[in-house]
Amino acid sequence: MNAAQQTAFQAGSGITPATMLTAIASMVLVLAFVWVIWVALGTFRAWQEGQATLFDLTWSTLRASLVLMVLGFYLR
């Protein structure tokens, strides 16, 4: 955005574009953390009930964590 657009955005919304971007990135990361926890707990419950192996538990948690790492890298 150029200076005029930034000024108009700030006048209309009351916050700077950088603040808005940080807020959106924070919400996305919080949702990603909740998703990783959901995947890990779901797989853990399946492992406890004998529906998944320890490898399944490790692999799904590792995959979800890698997605979180990549997302965190791009949203920083």
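A. Representation of helix H1 (residues 3-13). Where H1 begins, one side-chain oxygen reaches toward the backbone nitrogen of Ala 4, 3.3 Å away; that side chain belongs to Asn 2. Note on H1: the residue one or two positions beyond its end, Gly 14, has a positive phi of about 90 degrees.

B. Up close: a nonpolar patch on the surface. A cluster of nonpolar side chains, contributed by Ile 15, Met 20, Ile 24, Met 27 and Val 28, occupies part of the molecular surface with about 400 Å² of accessible area. Turning to its location among the elements, Val 28 is positioned in helix H2 (residues 17-48).

C. Seen up close, helix H3 (residues 54-75). For H3, with 22 residues, the first-to-last C-alpha span of 31 Å sits near the 32 Å given by 1.5 Å per residue. Against H2 lie the buried residues of H3.

D. Spatial organisation of the nonpolar core. Grouped together as the largest cluster of nonpolar side chains are 5 residues: Ala 32, Val 36, Val 39, Ala 64 and Leu 68. For this core, the elements supplying multiple residues, two or more each, are H2 and H3. The leading source of residues in this core is H2, at 3 residues. Sequence-distant contacts of Val 39, that is, excluding residues within four places in its chain, are made with Ser 60 and Ala 64.

E. Expanded view of the packing of aromatic side chains. Per the counting criterion, the structure on display carries 3 aromatic pairs. Summarising the aromatic geometry, the rings of Phe 44 and Trp 47 are spaced 5.6 Å apart at their centres and angled 40 degrees between planes, so their arrangement reads as tilted. Highlighted residues: Phe 44 and Trp 47, both in helix H2, separated by 3 residues, approximately one helical turn. Pairing Phe 73 with Tyr 74 gives two aromatic rings, centres 5.3 Å apart and planes at 75 degrees, and the pair type is edge-to-face.

What counts and how
- Residues numbered from 1 in each chain as written.
- Predicted model: local features only at pLDDT ≥ 70, side-chain atom pairs only at ≥ 80, totals over all residues.
- Heavy atoms only, no water.
- Polar contact = N/O pair within 3.5 Å; in protein donor to acceptor, adjacent residues only side chain to side chain.
- Helix = DSSP H or I, 4+ residues; strand = E, 2+ residues; numbered from the N terminus.
- Patch = residues over 30% accessible without salt bridge, like charges linked within 9 Å, V, L, I, M, F, W, Y side chains within 5 Å.
- Areas by Shrake-Rupley, 256 points an atom, 1.4 Å probe, with all protein chains shown as cover.
- Salt bridge = Lys/Arg side-chain N within 4 Å of Asp/Glu carboxyl O.
- Expected span 1.5 Å × (residues − 1).
- Contact = heavy atoms within 4.5 Å.
- Core = buried A, V, L, I, M, F, W, Y, C linked by side-chain atoms within 4.5 Å.
- Buried < 20%, exposed > 50% of the residue type's maximum accessible area, 1.4 Å probe, protein only.
- Phe/Tyr/Trp six-rings, centres within 6.5 Å; stacked < 30°, edge-to-face > 60°.

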